[in-house]
Every structure is written in structure tokens, then in C-alpha cells.
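Structural overview for review
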Amino acid sequence: MIETEITFHNRVELKVQAQIFTGRTLVGTCVAGPGETHTILAASAPYDIYLKNGITGWEIAHQLGSTATTFTLSQQKGRYVIT
């Protein structure tokens with residue numbers, strides 16, 4: 001299995017837990033505070049990204065079938081967006 005480094009940039013005012021899944025298997029995770037950047041090791045793409053509020057555990061955004069090696073969580077017009 002080839003591992004990929006995925007860079008996560010948290011640009012919202014929440015502590016966020018990023019989870020990377022391949023199928024139903026959790027393959028990488030991290031917790032990033034506001035303004036922080038973290039690297040997550042994960043199995044090769046495609047993979048699913050789930051972002052949760054670090055305090056409540058509620059999902060705030062997800063992206064399925066991603067092949068990105070870097071992604072950013074930001075807030076636009078009151079919604080959380082992965083770019």
C-alpha cells in the first residue's frame with residue numbers, strides 16, 4: 001500500500017478533527033486548531049474526507065472520492081467549504 005501525505009489547512013475559528021477514510025476504514029486523522037496546518041498520512045487516493053467540530057464531534061463538511069494532496073477548510077456565507 002502506498003501512503004500519501006495530505007496537508008490540511010484549518011481556516012475557520014473552530015478546532016477541527018479531520019478524518020481520512022478508504023472505504024469504511026479510517027486511515028488517518030488529526031485535530032487542528034484555528035489557523036493551524038497539519039499533515040496526515042493516508043492510503044493512496046481516492047479517499048473520503050470528513051471534518052468534524054473538535055468539541056461536539058458533529059460533522060461540518062465532507063468530500064467523497066478525493067484525490068487532493070492538500071485541502072483547506074474555510075467558511076463562506078455561513079457555510080463550511082472544503083477547497
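This write-up is about the structure you can find in this document.

Criteria and cut-off values
- Per chain, residue numbering runs from 1 following the sequence as it is written.
- In keeping with the predicted nature of the model, local features appear solely for residues at pLDDT of at least 70, side-chain atom pairs appear and are counted solely at 80 or more, and the whole-chain, interface and lining totals rest on all residues.
- Note that water and hydrogens are dropped before the side-chain values are worked out from all heavy atoms of the structure.
- Each helix is a run of H or I in the DSSP string that is no shorter than four residues. Each strand is a run of E no shorter than two, and both are numbered from the N terminus.
- Here the globule rule reads 2.2 Å times residues to the power 0.38, and the radius of gyration is calculated from C-alpha atoms.
- Three exposure classes are used, based on accessible area relative to the maximum for each residue type with a 1.4 Å probe and protein chains only: buried under 20%, partly exposed in between, and exposed over 50%.
- Contacts are assigned to residue pairs with any non-hydrogen atoms lying within 4.5 Å of each other.
- Surface accessibility in these figures is a Shrake-Rupley result with a 1.4 Å probe; residues are shielded only by whichever protein chains are displayed.
- Charged-residue counts in this description rest on Lys and Arg as positive and Asp and Glu as negative, His and the chain ends being excluded.
- In plain terms, the charge of a residue is placed at NZ if it is Lys, CZ if Arg, CG if Asp and CD if Glu.
- Note on ring pairs: Phe, Tyr and Trp rings are taken, using the six-membered ring of Trp, and paired if centres are within 6.5 Å. Classes follow the plane angle, with under 30 degrees stacked, over 60 edge-to-face and the rest tilted.
- For two strands to count as paired, DSSP must find a minimum of two bridges between them.
- Comment: axis = line fitted to C-alpha atoms, over the contacting stretch for helices; angle = value between 0 and 180 degrees taken between N-to-C directions.

Counting its secondary structure elements, the protein contains 0 helices and 8 strands. Its helices and strands taken in sequence order, the protein reads β-β-β-β-β-β-β-β from the N to the C terminus. The C-alpha atoms of the protein give a radius of gyration of 12 Å, which matches the 12 Å a tight globule of 83 residues would have. In terms of overall dimensions, the protein has a C-alpha envelope of 35 × 20 × 20 Å along the principal axes. Each of the 83 residues in the protein was classed as buried or not, and the buried ones make up 36%. Counted over contacts in the protein with a minimum sequence separation of 6, partners at least 24 positions apart contribute 48%. When the accessible area of the protein is evaluated, it comes to approximately 5,000 Å², of which 51% is carbon and sulfur surface. Across the protein, the centroid of the 6 positively charged side chains sits 10 Å from that of the 6 negatively charged ones.

Turning to the packing of aromatic side chains, a few remarks are in order. Following the criterion strictly, the structure yields 2 aromatic pairs and no others. On the numbers, 5.1 Å between centres and 25° between planes, the contact of Phe8 with Phe71 is stacked. On the criterion of sequence distance, the pair formed by Phe8 in strand S1 (residues 3-10) and Phe71 in strand S7 (residues 70-76) is long-range, its members being 63 residues apart. Of the two residues examined, Phe8 and Phe71, each falls in the buried class.

Right, let's get into the sheet that holds strand S8 (residues 79-82). Strand order in this open sheet of 4 strands is S4-S1-S7-S8, and the pairing throughout is mixed. The outermost strands of the open sheet, each flanked by one partner alone, are strand S4 (37-43) and S8. Ignoring which end each strand starts from, the neighbouring axes of this sheet average 25° apart. Examined bridge by bridge, S7 and S8 share 4 bridges and lie antiparallel to one another. Each residue of the ladder has a partner; that of Leu73, found in S8, is Ile82.

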